[in-house]
Amino acid sequence: MAEHTYVLGIDIGGTNIRMGLVDENNELSEYLKVPQESILTGEDTLESLAVYLEGYLAERAKGKDVIAIVAGIPAAMSRDRSTVLNAPNIRGFSGKNVQAALQSHFSCPVLLERDATMLFYYDLYQHNIPHKDIIIGCYIGTGIGNVISVDGKPLVGNDGSAGELGHIPVWDKTDICNCGNEGCMESHVGGKYLVELQKTTFPDVDIHDLFAERGDAPELDRYVEHLSLPITTEISILNPAVIILGGGVLSMPGF
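About the criteria used
- Residues numbered from 1 in each chain as written.
- Predicted model: local features only at pLDDT ≥ 70, side-chain atom pairs only at ≥ 80, totals over all residues.
- Heavy atoms only, no water.
- Helix = DSSP H or I, 4+ residues; strand = E, 2+ residues; numbered from the N terminus.
- Polar contact = N/O pair within 3.5 Å; in protein donor to acceptor, adjacent residues only side chain to side chain.
- Contact = heavy atoms within 4.5 Å.
- Axes fitted to C-alpha atoms, helices over the stretch in contact; angles between N-to-C directions.
- Parallel < 35°, antiparallel > 145°, perpendicular 65-115°, else oblique.
- Nonpolar A, V, L, I, M, F, W, Y, C, P; charged D, E, K, R; others polar.
- Core = buried A, V, L, I, M, F, W, Y, C linked by side-chain atoms within 4.5 Å.
- Buried < 20%, exposed > 50% of the residue type's maximum accessible area, 1.4 Å probe, protein only.
- Pairing = 2+ DSSP bridges.
- Patch = residues over 30% accessible without salt bridge, like charges linked within 9 Å, V, L, I, M, F, W, Y side chains within 5 Å.
- Areas by Shrake-Rupley, 256 points an atom, 1.4 Å probe, with all protein chains shown as cover.
- Salt bridge = Lys/Arg side-chain N within 4 Å of Asp/Glu carboxyl O.
- Lys, Arg positive; Asp, Glu negative; His and termini not counted.
- Charge placed at Lys NZ, Arg CZ, Asp CG, Glu CD.

Peer 1: Which residues make up the side chain of Gln 198, and what values do they have?
Peer 2: Note that Gln 198 resides in helix H6 (residues 191-201). Within polar-contact distance, the side chain of Gln 198 engages the backbone oxygen of Val 205 at 2.8 Å. In this view, Gln 198 contacts Pro 203, Val 205, Ile 207 and Leu 210; residues no more than four positions away in its chain are not counted.

Peer 1: Describe the packing of H6 against helix H8 (residues 218-238), naming the residues involved and giving the relevant values.
Peer 2: Contact pair H6 / H8: the axes reach a minimum separation of 12 Å and the direction vectors enclose 170 degrees. Comparing the axis directions of H6 and H8 gives the class roughly antiparallel. Taking contact as the criterion, the partners of Tyr 193, Leu 194, Leu 197 and Thr 201 in H6 are, on H8, Glu 219, Leu 220 and Tyr 223. Partitioned by chemical class, the residues of the contact of H6 with H8 number five nonpolar, one polar and one charged.

Peer 1: Break down the nonpolar core for me, citing the residues and quoting the values.
Peer 2: One finds Leu 8, Ile 10, Ile 12, Met 19, Leu 49 and Phe 93 to be the most contacted residues of the largest nonpolar core, which totals 34 residues. Counting only elements with at least two residues in this core, the list comes to strand E1 (5-12), strand E2 (16-23), strand E3 (28-35), helix H2 (45-60), strand E4 (65-73), helix H3 (98-103) and strand E8 (110-114). A total of six residues in this core trace back to one element, the largest contributor, which is H2.

Peer 1: Which residues make up the sheet that holds strand E5 (residues 76-77), and what values go with them?
Peer 2: Ordered by their spatial adjacency, three strands build an open sheet running E5-E6-E7, and the pairing between neighbours is antiparallel. Pairing within the sheet leaves two strands with one partner each, and these edge strands are E5 and strand E7 (96-97). With two bridges connecting them, E5 and strand E6 (residues 83-86) associate as antiparallel partners. Each bridged residue has a counterpart across the sheet, and for Ala 76 the counterpart in E6 is Asn 86.

Peer 1: Requested: an account of the sheet that holds E3, with residues and values cited.
Peer 2: Strand order in the open sheet formed by five strands is E3-E2-E1-E4-E8, and the pairing between neighbours is mixed. The strands lining the two open edges of the sheet, one partner per strand, are E3 and E8. Across this sheet, the average inter-strand angle for adjacent strands is 15 degrees, counted without regard to direction. The pairing of E1 with E2 spans seven bridges and is antiparallel. Across the sheet, residue Ile 10 finds its bridge partner in E2, namely Met 19. Relative to E8, helix H4 (residues 115-126) is tilted by about 90 degrees, and along the sheet it contacts E1, E4 and E8.

Peer 1: Tell me what's going on with a negative patch on the surface, and back it up with residues and numbers.
Peer 2: A cluster of acidic residues, Glu 43, Asp 44, Glu 47 and Glu 54, forms a negative patch on the protein surface. For Glu 47, the location among the structural elements is in helix H2. Overall, Glu 47 belongs to the partly exposed group, its relative accessible area being 35%.

Peer 1: Could you give me a rundown of unusual backbone geometry, with the residues and numbers involved?
Peer 2: Unusually for a residue other than glycine, Asn 26 sits at a positive phi of about 65 degrees. Among the secondary structure elements, Asn 26 is positioned in the loop between E2 and E3. Judged by its relative accessible area of 47%, Asn 26 falls in the partly exposed class.

See the structure below:
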């Protein structure tokens with residue numbers, strides 16, 4: 001009998017895919033961070049992901065009791081969290097029943113959730129935040145992740161896509177977002193936009209050092225002001241008890 005049971009946790013990011021085994025004591029082992037493009041290959045990216053995960057388990061979980069596979073996806077998902085409605089940064093996932101496609105490869109349960117929701121639960125655990133009242137989480141990375149929790153339950157919405165803060169339309173903007181709509185907030189304050197701003201305005205500064213070295217630049221002041229607008233709007237509407245802010249952009253030195 002195995003000494004521990006494990007869950008294979010997977011974060012399918014727009015740039016990297018991270019994975020690791022977590023035991024019943026919340027201890028992480030066999031952590032890997034792999035460029036997304038090296039895993040999601042070929043025409044059928046779901047098949048390539050499943051094959052990679054099979055290899056990971058065969059190599060790194062041999063003899064271990066893996067009781068579930070749980071994947072976080074930066075996407076709008078169906079209410080039952082089986083189908084990805086729109087994943088603009090993940091090739092080949094939009095409109096697919098991702099749970100069924102992966103489940104066919106594994107005997108243990110495969111569960112999916114929005115990546116922001118999984119990060120939100122971790123933050124509650126890490127910071128000992130009581131899961132009650134109204135709590136919001138805003139995570140600024142490649143895009144904008146958002147969680148609205150009411151009385152201990154994340155707000156899912158009628159068809160599963162509540163809390164898509166990054167896809168609020170911006171006044172007078174008609175550029176096409178990766179989601180297919182026009183003028184989404186995420187196109188102007190997400191991490192992808194920040195990378196483009198660095199390339200065009202601050203080409204001599206590494207993106208990692210952008211705020212530390214040029215944080216007082218008017219262009220970055222304007223960026224932060226624009227970033228604050230959807231977050232403060234949500235605060236004004238919901239009047240939350242706790243606000244969690246995180247993500248790669250907010251973690252940059254000097255932000």
